[in-house]
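# Inside the fold
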Amino acid sequence: MGCRCFAGAAEQGELVVNATNGAGSLEALRAAGEANLDGKVLIDIANPLDLSQGIPPFLLVSNTDSLGEQIQRAFTRLRIVKALNTMNAFVMADPSLVAAGEHTVFVSGNDEQAKAQVTEILRSFGWRHVLDLGDVTTARGTEM
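Here goes a summary of the coordinates provided.

Conventions and cut-offs
Residues numbered from 1 in each chain as written. Predicted model: local features only at pLDDT ≥ 70, side-chain atom pairs only at ≥ 80, totals over all residues. Heavy atoms only, no water. Helix = DSSP H or I, 4+ residues; strand = E, 2+ residues; numbered from the N terminus. Buried < 20%, exposed > 50% of the residue type's maximum accessible area, 1.4 Å probe, protein only. Contact = heavy atoms within 4.5 Å. Areas by Shrake-Rupley, 256 points an atom, 1.4 Å probe, with all protein chains shown as cover. Pairing = 2+ DSSP bridges. Axes fitted to C-alpha atoms, helices over the stretch in contact; angles between N-to-C directions.

### With respect to the overall build of the protein chain
Helix and strand counts for the protein chain come out as 7 helices and 7 strands. Secondary structure elements of the protein chain occur, N-terminal to C-terminal, as α-β-α-α-β-β-β-α-β-α-β-α-β-α. When its C-alpha atoms are laid out on the principal axes, the protein chain stretches across 40 × 35 × 25 Å. Taken across its 144 residues, the protein chain has 43% of its residues classed as buried. Nonlocal contacts in the protein chain, meaning residues at least 24 apart in sequence, comprise 73% of its contacts between residues at least 6 apart. Here the protein chain has roughly 7,500 Å² of accessible surface; of this, 55% comes from carbon and sulfur atoms.

Structure (structure tokens):
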């Protein structure tokens, strides 16, 4: 995962999306470079799934911690917003595919401005119902 592509993307991006396999998220973000991530908003859509034993997967992190919290602890100046991790990519980009868009997407994070920015992006995708669950510890529920 040490490819320069992570660092280049993080350096150039105004906002970063973590769409990596949850088991590799911390490594990928380290490869992106802490300086390149400093102060940026990260939309974290990854889930800590262990697929090594096949389907169904197991959780690598659960109950008293979450991947979102682990990322926040590792990158204290990164403004993490956990969102979109409860659905597949088709629904992320087009919420009208389920119940004509009459359903809810969740956001969790410690930074109110970051959550507001992500909420604005979600609304631009067509999300009408965005529910702020609270700080990053609430990612425990959505990841499970």
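Continuing now.
### Considerations on helix H4 (residues 67-74)
What H4 keeps buried is the set Leu67, Gly68, Glu69, Ile71 and Gln72. On the buried face of H4, the contacting elements are strand E1 (15-18), helix H2 (25-32), strand E2 (41-44), strand E5 (79-83) and helix H7 (139-143).

### Considering the pairing of E5
Regular strands show a simple pattern: their side chains alternate between the two faces of the sheet. Counting buried residues along E5, 4 of its 5 residues qualify, which places the element largely inside the surrounding structure. Strand direction decides the pairing type here: E2 and E5, joined by 4 bridges, are parallel. The residue of E5 that forms the bridge with Asp44 is Lys82. The sheet contact formed by E5 and strand E6 (residues 104-108) spans 2 bridges and is antiparallel. When the bridges of E6 are listed, Ala83 appears paired with Val107.

### Describing the sheet that holds E2
Strand order across the open sheet formed by 5 strands is E1-E2-E5-E6-E7, with mixed pairing between neighbours. Every interior strand has two partners, whereas the edge strands, E1 and strand E7 (129-134), have only one. Put simply, the sheet's adjacent strands are angled 25 degrees from each other on average, direction ignored. Running over the sheet, H4 touches E1, E2 and E5 and is turned about 170 degrees from E5. Running over the sheet, helix H6 (residues 112-124) touches E1, E2, E5, E6 and E7 and is turned about 160 degrees from E7.

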